[in-house]
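Descriptive structure summary
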Amino acid sequence: MVTSPHLRRAFPRLATLVALLCLVAMSHPAAAACEDLLPSAQASGHVARAVTADDLLKLRDIGQPDGSMFGQPSPLGISPDGRQAAFILSRADPDANRYCRALVVIKLSGAPAPRIVDRGGEMMTNSTVARGLVVGNGFPTLVTPSWSPDGRWIAYLRRDRGITQAWRARSDGSGAQPVTRSEVDVEAVAWSGDGLGLVYVALPERIAAQRRIAQEGRDGWLYDGRFAPNVAPRPLIPGSVSREAFRIDPETGQVSPASDAERSLVPMEDLSGSAIPPSAVSADGRRAWTERSDVSPLSPLRLLAIDSTGHRVACRSPRCDGGFTGLWWDREGKELRFLRREGWAKGQMGLYRWIPGTAEPQRVLLTDDVLLGCTPAGVSLLCTSENAVMPRRLVSIAPRSGHVQPVYDPNPEFASIRLGKVERLRWRNDLGLEAWGDLVLPPGYQPGTKLPMIVVQYHSDGFLRGGTGDEYPIHAFAARGFAVLSIERPAFFAEAKPGIRSYADVNAVNGKGWAERRSLLSSLVTGMNMIIARGIVDPARIGITGLSDGASTARFALINTRLFAAASISTCCIEPRSVMTYGGIGYADAMRAMGYPPVSSDDPAFWRPYSMALNAPAMDRPLLMQLADEEYLLGLETFTALREAGKPVEMYVFPGEHHIKWQPAHRRAIYERNLDWFQFWLQSRVDPDPTKAAQYQRWEAMRAQIRPAASSP
């Protein structure tokens, strides 16, 4: 089922998202584990050691960690004079199962001289509306600091003791304090036009909605479309609760309803996780914007603007054929600058200059790096930049020349960590759709050596951390002797089909005859065969992984091929009975509308290509399932069928988790178990750590189960 635009891109057949739980309070300004949130060591340039799982886990982040999150607001707040930038810096602390967080200010010329102006707060994760209900999804909330017009204060969101408030900090670092005392989370904050107050967004009606549900529970809840049993055993809050905007005086705390002009300063729609079509307004008030080229939600964006004569014009050059991720006017309002994804399967990014009304934009930069969160800073653009072997850092780009200048590296230690070689491979699947993948080889790989390989899905944008959902530590796998194929999925099967008018149409076309699953499997197999043909990989020792859409591809591959020797998945599963039951009435109705049979219909012909439960007798490849507690019910039919068939399967359930698992202790356990799992099955290696003895006893027993079956005629 598809919800917001980014989730539509990330999870084409998303069963359901999960409810947001209260997080553990983490405001400990003097906590020793957070003292190195600002790196003290400078990059030495000396390659000293191999990468570890903790190196990837503890990366300092600016913005949302996933490099495929295109079209999001910028995490960078630029001072009024354009000389400084503010951002939230975050780093996981798996020992304490929390995040170290701080509001940081840097200079944009000369040495960045980073300084912390506020330290503390909990990680914030998004909620979204799915099938009319509010559910959590685990994506980190993107916070954009807002400078006061006089540059003396910075406003931002901070979460403590399970609730998010608007805060302000002095930009010189001399103090910070909460401004709001809201009973519900503050969703956004900005300075008022006069610079004397803050405008913020909240949903106070949620308190009344929670009370109504609690009151109804006294007489028992009617089981209806408000339930998603895999999320919670109670009705969920309706997504129709309205957002309200308020103005608050930060000196007195006086709150009043925001004016229409003040409401325009803050988002009055929930855009969390959504890919926002770029737009811009010039200094003299002229608009530039992007919109879909036809009614299909998959159609490319086109670029339009008001030119200097006041007329609406469209950019009709092939260089304006979709892929837009950013749009800005120059300071005089004469020239537009835009950033777009382009090239083979949109694997590159280009920066352009265009004077509306002229024919051809001029490209000033083409890069394989991923540029996110770009925002004007003086005459330049300040962006985050990353690539397969370079974690995210800040860069300044000259829009007229395309010159890129490094500004700030939050992870200088990575200059002293040895990573393997990464090669971008490109291919077409059997439908002719463009796809690509990044082949990661172990450091010091010797040509001619055949390696075990692990496939990680399903976006490969930016720094190769752990795939979509960040559970499979790519560079750590390579450091332990694996080749890794990090896959970028091709365009939807439905994208080129006529008659698409909504995401319901997309799902129906993709689902008919399992067309999307077959397209993705074809792409996966084509990429793997390219590598096998080069003699790099042992075809008998290949593992596959995945979360959400990636997990669906993994399951489909296990059923329809014999290519994989082991698998690990992070979400599970769409099965004939459990998905219609534990997903709830709303989800079952949505699945029926997409062409799935009802739970009461015994339709093995429909389910056979996709159901691991129906195919359990043939599922002899070891399967590891590491699931969120709010999703594991959907995996029970698969797990139970495999267990009853005597097949090698193991499942872990992580408490307080969502579709994207956010807790650092859980992420570490998942990383380490995946490393152990694939080393055991593909390299026959056992970690001698005595605390893991029981784990290996279970896995040895699984191996003993497989051997007799494999040797029988």
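This report concerns the structure included in the present document. If you're wondering where the values come from, they're calculated on a predicted model, not measured in any experiment. (Residues numbered from 1 in each chain as written. Predicted model: local features only at pLDDT ≥ 70, side-chain atom pairs only at ≥ 80, totals over all residues. Heavy atoms only, no water.)

1. Describing the pairing of strand E5 (residues 98-107)
- A large share of E5 lies buried, amounting to 9 of its 10 residues.
- Relative to E5, strand E4 (residues 84-93) runs antiparallel, the two sharing 10 bridges. From the neighbouring strand, Ala-85 faces E5, where its bridge partner is Ile-106.
- Turn length for the E4-E5 hairpin, with the two strands adjacent in sequence and antiparallel, is 4 residues, and the turn residue Asn-97 shows positive phi of about 55°.
- One ladder, built from 4 bridges, connects E5 with strand E6 (residues 115-119); its direction is antiparallel. Across the sheet, Ala-102 pairs through a bridge with Arg-119, a residue of E6. (Buried < 20%, exposed > 50% of the residue type's maximum accessible area, 1.4 Å probe, protein only. Helix = DSSP H or I, 4+ residues; strand = E, 2+ residues; numbered from the N terminus. Pairing = 2+ DSSP bridges.)

2. Regarding helix H6 (residues 503-511)
- Taken residue by residue, H6 has Tyr-503, Val-506, Asn-507, Asn-510 and Gly-511 as its buried positions. Buried positions in H6, seen along its axis, are confined to an arc of 115° and lie on one side of it.
- If you check the start of H6, you find a side-chain oxygen 3.3 Å away from the backbone N of Ala-504, and it comes from Ser-502.
- One or two residues past the end of H6 sits Gly-513, with phi positive at roughly 65°. (Arc of directions from axis to C-beta. Polar contact = N/O pair within 3.5 Å; in protein donor to acceptor, adjacent residues only side chain to side chain.)

3. Thoughts on the nonpolar core
- Formed by 53 residues in total, the largest nonpolar core has its most connected members in Met-453, Val-455, Leu-524, Ile-544, Phe-564 and Leu-623.
- The biggest single contributor to this core is helix H8 (residues 549-560), with 6 residues.
- Membership of the second largest hydrophobic core comes to 40 residues, among which are Ile-454, Phe-477, Phe-482 and Trp-662. (Core = buried A, V, L, I, M, F, W, Y, C linked by side-chain atoms within 4.5 Å.)

4. Things to note about the state of the cysteines
- Scanning the entire structure with this criterion turns up 4 disulfides.
- Across a sulfur-sulfur distance of 2.0 Å, Cys-34 and Cys-100 are joined as a disulfide pair. Between Cys-34 and Cys-100 the sulfur-sulfur dihedral comes to about -80°; the bridge is accordingly left-handed. A residue pair is termed long-range when its members are at least 10 positions apart, and Cys-34 in the loop between helix H1 (5-10) and strand E1 (49-50) and Cys-100 in strand E5 qualify at 66 residues.
- Classification of Cys-34 as buried rests on a relative accessible area of 7%.
- Across the disulfide from Cys-374 sits Cys-383; the S-S distance is 2.1 Å. Note on the Cys-374 and Cys-383 pair: the S-S dihedral is about 115°, so by sign convention the disulfide is right-handed. (Disulfide = S-S within 2.5 Å.)

5. A short note on empty space enclosed by the protein
- Using the criterion set out here, one finds 8 cavities of 30 Å³ or more in the structure.
- If you trace the largest cavity, you find 48 residues lining it, with Gln-64, Pro-65, Asp-66, Pro-140 and Arg-465 closest to the centre.
- Counting residues per element, the ones that place at least two in the lining of the largest cavity are H1, helix H2 (53-57), E4, E5, strand E8 (133-140) and helix H13 (664-683).
- No other element matches E4, which puts 4 residues into the lining of the largest cavity.
- For the lining of the largest cavity, the per-class residue count stands at 22 nonpolar, 16 polar and 10 charged. (1 Å grid on protein atoms, 1.4 Å probe; cavity = no way out; pocket = protein on both sides within 12 Å on 5 of 7 lines; lining within 4 Å. Points joined across faces, edges and corners; volume = space filled by probe spheres on them. Nonpolar A, V, L, I, M, F, W, Y, C, P; charged D, E, K, R; others polar.)

6. Topic: the sheet that holds strand E12 (residues 176-178)
- What the 4 strands build is an open sheet, ordered E9-E10-E11-E12; its pairing is antiparallel. Looking at the sheet topology across the chains shown, the edges are occupied by strand E9 (146-147) and E12.
- The pairing of E9 with strand E10 (residues 153-160) spans 2 bridges and is classified as antiparallel. Bridge pairing links Trp-147 to Ile-154 in E10.

7. Details of the sheet that holds strand E21 (residues 324-329)
- The sheet built from 4 strands is open, its strands ordered E21-E22-E23-E24 with antiparallel pairing. Edge positions in the open sheet fall to E21 and strand E24 (362-367), since each of these has one partner strand only. With direction set aside, neighbouring strand axes in the sheet form an average angle of 15°.
- In the sheet, strand E23 (residues 348-354) pairs with E24 via 5 bridges, with the strands oriented antiparallel. Across the sheet, residue Met-349 finds its bridge partner in E24, namely Thr-367. (Axes fitted to C-alpha atoms, helices over the stretch in contact; angles between N-to-C directions.)

8. Digging into the side chain of Arg-489
- Within the element layout of this structure, Arg-489 appears in the loop between strand E33 (483-488) and H6.
- A relative accessible area of 9% means that Arg-489 is categorised as buried.

9. So, the environment of Phe-606
- Tracing the backbone through its elements, the reader meets Phe-606 in helix H11 (residues 604-607).
- Note: C-alpha distance between Phe-606 and Ala-53 (553 residues apart in sequence) is 41 Å.
- The residues contacting Phe-606, other than those within four sequence positions of it, are Trp-514, Gly-595, Tyr-596 and Pro-597. (Contact = heavy atoms within 4.5 Å.)

Interpretation in functional terms is not warranted from these geometric data alone.
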